[in-house]
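Structure at a glance
Listed here are the chains, written in short residue letters.
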Amino acid sequence: MKRIGLIVVDNNGGSEYDFWKMSPKGVGIFTTRMKMRESISPFLHEPKDIEEFKKELYEEASKIADLVDVIVYQRTFGTHKNIQIIRDILSSFNKPYVIAEESAIKIFKELEINKIWIFTPYGLERTLEEVDYFKDNGFDVTGYTYLGLKNGLEYSNVDYRTIFLSLLKSKVSKESEAIYLHCTNIVTYNAIKSLSRTYGIPILSENSASLILALRELELKEEKRKSIQDIR
């Protein structure tokens, strides 16, 4: 059995489900959890106490490093301003690692996709932080949909029909080459399936993107498929 180790926040109820549903047979998912820590601001998802963050990340990664074949930092927290710190800590365990926030960027660039519509469960300010992050990485964000929710538990309770209907209501731009479901807390397995049938373009979530790269590290390829919705 191949083993993927997830590092998630304590109120994340989406990542494990998606990883279990989307992983091929013979892959086990093992999880450790970090505490929800105070951010610099309500809208900038970066740790206020960086030394506390570094210590906890190292401790949680230590718990699973010997057990698993690849470590996945399945959080957005800290990745816009402090991603090198996360890389340095994870690389110290001499195991392959994946960082969720940068996974979709890597995959979209591989597919030569530039025009992206972004969905989030967040409020407007937090959503715009993600829009700016993708723009800073060279993408054309054709528009965005947000639910206006406030915390991780609310994100985890979002039903796939809510994702689907909110995107339909938003009238996703026809110029969009892909739709990105951002947030590791939301369950995206069923939403990806229904959206891919409706829009006929790649549908990627933060969970599915990091899983794709984790499977590559395990040398379990996507069999030339262009997106995770084809992995059953």
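Residues numbered from 1 in each chain as written. Predicted model: local features only at pLDDT ≥ 70, side-chain atom pairs only at ≥ 80, totals over all residues. Heavy atoms only, no water.

The name given to the chain in an unreviewed UniProt entry is Arylmalonate decarboxylase, with the source organism recorded as Acidianus manzaensis.

Turning our eyes to something else, we now look at the sheet that holds strand β1 (residues 2–9). In space, the four strands of this open sheet follow the order β2-β1-β3-β4, with parallel pairing throughout. The sheet terminates laterally at β2 (27–34) and β4 (97–99), the two strands that pair on one side only. Strand-to-strand twist in this sheet, taken as the mean axis angle between neighbours without regard to direction, amounts to 20 degrees. Pairing of β1 with β2, which is carried by eight bridges, proceeds in the parallel orientation. Following the sheet pairing, G5 is matched in β2 by F30. The strands touched by helix α3 (residues 83–91) within the sheet are β1, β3 (70–73) and β4, with β4 carrying the most contacts at an inclination of about 160 degrees. (Pairing = 2+ DSSP bridges. Helix = DSSP H or I, 4+ residues; strand = E, 2+ residues; numbered from the N terminus. Axes fitted to C-alpha atoms, helices over the stretch in contact; angles between N-to-C directions. Contact = heavy atoms within 4.5 Å.)

Moving on, we come to the sheet that holds strand β7 (residues 178–181). Strand order in the open sheet made by the four strands is β6-β5-β7-β8, with parallel pairing throughout. Both edges of this open sheet fall to β6 (140–146) and β8 (203–205), since each of them pairs with a single strand only. Sheet twist, expressed as the average angle between the axes of neighbouring strands with direction ignored, equals 20 degrees. Two elements, strand β5 (residues 115–120) and β6, share six bridges in a ladder whose sense is parallel. Paired with F119 across the bridge in β6 is T145.

So, about the layout of surface pockets. The calculated volume of the largest pocket comes to roughly 500 Å³. Looking at the largest pocket, it is lined by 26 residues, and the ones nearest its centre are H45, Y122, R126, K150 and Y155. Breaking the lining of the largest pocket down by element, the ones donating at least two residues are α5 (124–136) and α6 (152–156). Counted by class, the lining of the largest pocket contains nine nonpolar, twelve polar and five charged residues. Both domain 1 (2–101 + 209–230) and domain 2 (103–206) contribute no fewer than three residues apiece to the lining of the largest pocket. (1 Å grid on protein atoms, 1.4 Å probe; cavity = no way out; pocket = protein on both sides within 12 Å on 5 of 7 lines; lining within 4 Å. Points joined across faces, edges and corners; volume = space filled by probe spheres on them. Nonpolar A, V, L, I, M, F, W, Y, C, P; charged D, E, K, R; others polar. Domains from an automatic or database assignment.)

Moving on to unusual backbone geometry. Its identity as a non-glycine residue notwithstanding, N94 has a phi of 55 degrees, on the positive side. Relative to the helices and strands, N94 resides in the loop between α3 and β4. With a relative accessible area of 70%, N94 lands in the exposed category. Phi at K171 is positive, roughly 55 degrees, even though this residue is not glycine. By secondary structure assignment, the location of K171 is in the loop between α7 (160–170) and β7. Accessibility expressed as a relative area gives 69% for K171, which makes it exposed. (Buried < 20%, exposed > 50% of the residue type's maximum accessible area, 1.4 Å probe, protein only.)

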